[in-house]
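Understanding the architecture of this molecule
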Amino acid sequence: MKQFLYLDTDIVNSIIAQAEKGLVTSTSNEKEVSDTEEIMSSSTVATTGKIGGSLLKLVKAEADITGELEGVVNGTTTYASREIVAKTLHDAAFDIACSKIPLEIVSMGDQSYVETGNYVELTRVFDFVDFDYLEGFFATDGIIEFIKKSAANQIEAEAENIKAVINRDQIRKASNNLKTEIKKMIAASNKQYDDIAKIIKAMRSMVPYNRMLISNDGYLIPLSDKYFRVDYSDIGFKYGGEITCVGMITNIIGEDCDPCDENNIFATLQHASNEILRKLLPTKEKNICVIHPIAIYYGN
């Protein structure tokens with residue numbers, strides 16, 4: 001049983017359509033009568049090309065279920081039912097799509113299947129990076145400001161402990177130096193968090209996505225908000241442990257990947273950007289493999 005966190009239904013439908021040499025379209029018309037909750041609905045399913053057995057089952061299932069929804073009086077029930085039906089059919093379609101592609105299961109630390117265009121399945125403990133969420137840490141009265149204040153208070157408290165074990169003459173002589181050292185230590189403590197903020201800002205300027213998954217064996221998975229099946233605003237807090245990602249390798253950022261034309265300023269800038277990104281990401285691998293995700297889920 002799979003619990004989907006993310007599912008790109010456009011790619012799933014494209015794979016099935018190409019494999020089955022058929023296209024499925026479903027249209028639904030709804031009409032709300034005055035101020036009542038009454039909704040009249042109708043649905044048609046049209047197919048073109050040669051339809052395979054697995055696809056035909058989905059078509060019939062959608063037609064049958066939609067037919068059962070016709071004439072439903074309660075609008076809320078209708079919308080909820082449609083959402084459940086859509087998700088159920090998409091989940092089934094994903095399994096069909098996976099059976100149509102050459103899917104390689106990649107074990108931890110393995111990059112032997114690294115080639116653009118390959119479909120891969122990875123089960124890992126990923127780091128979920130949400131730039132919106134992380135930037136909130138650095139907002140006014142955010143957690144980072146609290147951490148900075150706590151660190152400064154601890155440094156000052158330790159300085160007071162030092163004062164307690166030395167005599168007054170030594171305190172007078174060391175007072176100015178001690179204050180200077182305290183300021184330096186607080187500044188150094190603050191700098192490490194300021195540097196993190198700069199790194200996040202730099203990464204955000206290079207990665208045109210708000211959210212992504214990163215594995216420590218060199219796989220980078222950018223995520224589009226459109227295809228999340230759960231609330232992405234709290235996914236970094238709410239979900240953890242091993243999850244599975246199925247997708248296609250679409251780019252390889254490696255240490256030996258030089259720009260094709262050194263006289264091309266755009267290629268040179270892209271190469272420089274990729275090199276910076278490769279050094280910033282938490283991985284020891286030489287190659288960063290960018291994966292366009294089809295699905296991310298728990299279970300099997």
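Residues numbered from 1 in each chain as written. Predicted model: local features only at pLDDT ≥ 70, side-chain atom pairs only at ≥ 80, totals over all residues. Heavy atoms only, no water.

It is worth spelling out the packing of aromatic side chains at this point. Within the structure shown, the criterion is met by eight aromatic pairs. With a centroid separation of 5.3 Å and 85° between ring planes, the pair formed by phenylalanine 4 and phenylalanine 94 is classed as edge-to-face. Pair noted here: phenylalanine 4 is in strand β1 (residues 2-7) and phenylalanine 94 is in helix α3 (residues 75-99), with a separation of 90 residues, a long-range link. When sorted by exposure, phenylalanine 4 lands in the same class as phenylalanine 94, which is buried. Relative to tyrosine 297, the ring of phenylalanine 94 lies with its centre 5.8 Å away and its plane at 70°, an arrangement referred to as edge-to-face. Pair noted here: phenylalanine 94 is in helix α3 and tyrosine 297 is in strand β10 (residues 287-299), with a separation of 203 residues, a long-range link. Taken as a pair, phenylalanine 94 and tyrosine 297 share a single burial class, namely buried. Sitting over the ring of tyrosine 297, lysine 2 keeps its end group 5.5 Å from the ring centre. (Phe/Tyr/Trp six-rings, centres within 6.5 Å; stacked < 30°, edge-to-face > 60°. Helix = DSSP H or I, 4+ residues; strand = E, 2+ residues; numbered from the N terminus. Buried < 20%, exposed > 50% of the residue type's maximum accessible area, 1.4 Å probe, protein only. Lys NZ or Arg CZ within 6 Å of the ring centre and 35° of its normal.)

Moving on: the nonpolar core. Counting 22 residues, the largest nonpolar core has Ile291 and Ile296 as its most contacted members. Residues in contact with isoleucine 291, not counting those within four places in the same chain, are Val120, Leu122, Tyr219, Leu220, Ile221, Pro222, Cys245, Gly247, Met248, Ile249 and Thr250. The next biggest cluster of nonpolar side chains, apart from the first, holds 16 residues, and it includes Ala97, Cys98, Tyr119 and Val246. (Core = buried A, V, L, I, M, F, W, Y, C linked by side-chain atoms within 4.5 Å. Contact = heavy atoms within 4.5 Å.)

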